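# Reading the structure
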Amino acid sequence: VGWKAWQEDMHITLITYWGIMCLINGVFDAARTLDLAVHSPKPLLSAHEGFAYNLAGGVLLTLPVSALVGACSSWYLYADYTAHTLPHTFAARGDEPMW
């Protein structure tokens, strides 16, 4: 995301929206994975099961992780953008006007 955003000069608003959607999707995926792990009669990953079973379990584990990593990446891009564009003296003290 960072390289493509820099290369295409993507606006920070779109990156922020993407990060919010990653956060929401990551939370729902984590809840789904936790629900499946708790209520399933078998573990998500097992040495006694086949490759396809373990691949499906691995995908279920990595989906929320990758979405939450995307949300964190978006946050760091947003924090870096605001650190370079907002005047810190006005925002920190609050007693001087912004104009």
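All values reported here derive from a predicted model rather than from experimental measurement. (Residues numbered from 1 in each chain as written. Predicted model: local features only at pLDDT ≥ 70, side-chain atom pairs only at ≥ 80, totals over all residues. Heavy atoms only, no water.)

## Focus on the overall build of the chain
- A tally of regular secondary structure across the chain gives four helices and zero strands.
- Along the chain, helices (α) and strands (β) appear in the sequence α-α-α-α when read from the amino end.
- A burial count over the chain gives 18% of its 99 residues as buried.
- Put simply, 59% of the contacts in the chain that link residues at least 6 apart link residues at least 24 apart.
- Surface accessibility of the chain: about 7600 Å² in total, with carbon and sulfur atoms responsible for 70%. (Helix = DSSP H or I, 4+ residues; strand = E, 2+ residues; numbered from the N terminus. Buried < 20%, exposed > 50% of the residue type's maximum accessible area, 1.4 Å probe, protein only. Contact = heavy atoms within 4.5 Å. Areas by Shrake-Rupley, 256 points an atom, 1.4 Å probe, with all protein chains shown as cover.)

## Looking at the confidence of the model for the chain
- Per-chain confidence: the chain averages 83 in pLDDT, with 80% of residues scoring 70 or above.
- The secondary-structure element of the chain with the lowest mean pLDDT is helix H4 (residues 88-93), recorded at 51, while helix H2 (residues 12-39) shows the highest, at 92. (pLDDT = per-residue confidence, 0-100.)

## Let's talk about the pattern of salt bridges
- Applying the stated rule across the entire model yields one salt bridge.
- Here Glu-49 makes a salt bridge to Lys-42, at a shortest N to O gap of 3.5 Å. (Salt bridge = Lys/Arg side-chain N within 4 Å of Asp/Glu carboxyl O.)

## Considerations on the state of the cysteines
- Evaluation of the coordinates by the stated rule reveals zero disulfides.
- Lacking any disulfide linkage, Cys-72 is separated from the closest cysteine sulfur, that of Cys-22, by 10.0 Å.
- Classification of Cys-72 by relative accessible area gives partly exposed; the value is 44%. (Disulfide = S-S within 2.5 Å.)

## Remarks on the packing of aromatic side chains
- Enumeration over the complete set of coordinates arrives at one aromatic pair.
- With centroids separated by 5.8 Å and ring planes inclined at 40°, the aromatic side chains of Trp-75 and Tyr-78 adopt a geometry described as tilted. With Trp-75 and Tyr-78 both in helix H3 (residues 51-85) and three residues apart, the pair spans about one turn of that helix.
- Here Lys-42 stacks its cationic end above the ring of Tyr-53, 5.7 Å away from the centre of that ring. (Phe/Tyr/Trp six-rings, centres within 6.5 Å; stacked < 30°, edge-to-face > 60°. Lys NZ or Arg CZ within 6 Å of the ring centre and 35° of its normal.)

## As for the side chain of Thr-82
- Here Thr-82 is to be found in helix H3.
- The class of Thr-82 is buried, set by a relative accessible area of 17%.
- From its side chain, Thr-82 meets the backbone oxygen of Ala-79 in a polar contact 3.1 Å long. (Polar contact = N/O pair within 3.5 Å; in protein donor to acceptor, adjacent residues only side chain to side chain.)

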